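This is what each chain is made of:
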Amino acid sequence: MILEVRAVAPFYKNGFVVACSRTKEAIVIDPGDEIDEILGAVRDHDVQVQHILLTHAHLDHVSGVDTAKAALDAPVYLHRDDLPLYEHVVEQGAMFGFKVRPQPPVDVFYDMTPIYFGDYAVRVHHTPGHCPGGVCLQVGKKDEDGKHLFVGDTLFAGGIGRTDLPGGNYGVLMKSITGVLFALGDDAVVHPGHGADTTIGRERASNPFVVEYLTGQNRS
Ligand SMILES: [Zn+2]
Ligand SMILES: [Zn+2]
């Protein structure tokens, strides 16, 4: 598997290229302001991008969708519950003082059936809480449980997604993390939307927000 990550100012949001080394088929995840670097990685590896997959529709994760779609001619996927955010990306930008271009229409709403590229499958898990339509994209060989989790802003190394933006909900987020993500196995590698990679096992054991939540759960 080929995996490339890029991030640029001001959001340092991770954009990803994941490709099958054998077939050179690929996906792009969350094209944002780093889209030119992402397209550079696509060219360097000479891979064919089949799908543009969004973990959620906050502006930092979608600001490069138009450029990606024009360059790659691949369909754009989003969870239906984040469509209002996506359609108001210009207003989202204004809220934070950034000028964001309106983005092209979503082509496919995730229906939770796997998405394929080369020898790989992407399994989609709905993980709301940071926003209504957040998803975890679980990537692995077609016949295996994927061990690469692209979690957007649901879970970070030592942190959790903010829940103070419209549609955010702390209780829902913690259920997504401890119920959905943790079920995918301690050895699964977590690729968050910002910052460094981690693993489910490490976050389960040492993430202070998770530990506090689980301790509270056990007490009640
Ligand atoms: Zn976000
Ligand atoms: Zn983000």
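As shown above, the structure is provided for reference.
Residues numbered from 1 in each chain as written. Chains lettered and ligands numbered in written order. Predicted model: local features only at pLDDT ≥ 70, side-chain atom pairs only at ≥ 80, totals over all residues. Heavy atoms only, no water.

A. Geometry of the sheet that holds strand 1 (residues 2-6). Reading across the sheet, the six strands line up as 1-2-3-4-5-6 and stay open at both edges, with mixed pairing between neighbours. Edge positions in the sheet fall to strand 1 and strand 6 (108-109), since each has one partner strand and no second. Where strand 1 lies against strand 2 (residues 15-19), five bridges are found, and the strand directions are antiparallel. What sits directly across from Arg6, in strand 2, is Gly15. Strands in contact with helix 1 (residues 35-45) are strand 1, strand 2, strand 3 (25-29) and strand 4 (48-53); relative to strand 1, the strand with the most contacts, it is inclined by about 155°. The sheet strands contacting helix 3 (residues 65-72) are strand 3, strand 4 and strand 5 (76-78), and the helix crosses strand 4 at an angle near 150°. (Pairing = 2+ DSSP bridges. Helix = DSSP H or I, 4+ residues; strand = E, 2+ residues; numbered from the N terminus. Contact = heavy atoms within 4.5 Å. Axes fitted to C-alpha atoms, helices over the stretch in contact; angles between N-to-C directions.)

B. Region of the structure containing the coordination of the zinc ion (ligand 1). Of the protein atoms, only His56 (NE2), His58 (ND1), His130 (NE2) and Asp153 (OD) coordinate the zinc ion (ligand 1), at distances of 2.1 to 2.4 Å. Coordination at the zinc ion (ligand 1) is irregular: its four donor atoms span angles of 86 to 169° at the metal. Sequence spacing of the donor residues for the zinc ion (ligand 1), all on one chain, is H-x1-H-x71-H-x22-D. Look at His58 and you get buried, because its relative accessible area is 7%. Given the relative accessible area of 6%, Asp153 is considered buried. (Donors = N, O, S within 2.8 Å, 3.2 Å for Na, K, Ca; no water. Tetrahedral: all angles 85-135°; square planar, octahedral: opposite > 155°, others 65-115°. Buried < 20%, exposed > 50% of the residue type's maximum accessible area, 1.4 Å probe, protein only.)

C. Summary view of the sheet that holds strand 9 (residues 135-141). Read from one edge of the open sheet, six strands run 7-8-9-10-13-14, paired in mixed fashion. Two strands in the sheet have a free side with no partner beyond their single neighbour: strand 7 (115-117) and strand 14 (198-199). When strand 10 (residues 148-152) meets strand 13 (residues 189-192), the two strands line up parallel, connected through four bridges. Bridge assignment links His148 to a residue of strand 13, and that residue is Val189.

D. Representation of helix 8 (residues 208-219). Given a rise of 1.5 Å per residue, twelve residues ought to cover 16 Å, and the 16 Å separating the end C-alpha atoms of helix 8 matches this to within 8%. A side-chain oxygen of the first residue of helix 8 lies 3.0 Å from the backbone nitrogen of Phe209; this N-cap is Asn207. (Expected span 1.5 Å × (residues − 1). Polar contact = N/O pair within 3.5 Å; in protein donor to acceptor, adjacent residues only side chain to side chain.)

E. Broad picture of helix 6 (residues 170-181). Its twelve residues place the ends of helix 6 15 Å apart at the C-alpha level, agreeing with the 16 Å of an ideal helix rising 1.5 Å per residue. All of the buried residues along helix 6 are Leu173, Met174, Ser176, Ile177, Thr178 and Leu181. Where helix 6 is buried, its residues meet strand 9, strand 10, strand 11 (155-156), strand 12 (159-160), helix 7 (200-206) and helix 8. Between a side-chain oxygen at the N-terminus of helix 6 and the backbone nitrogen of Gly171 the separation is 3.0 Å; the capping residue is Asn169.

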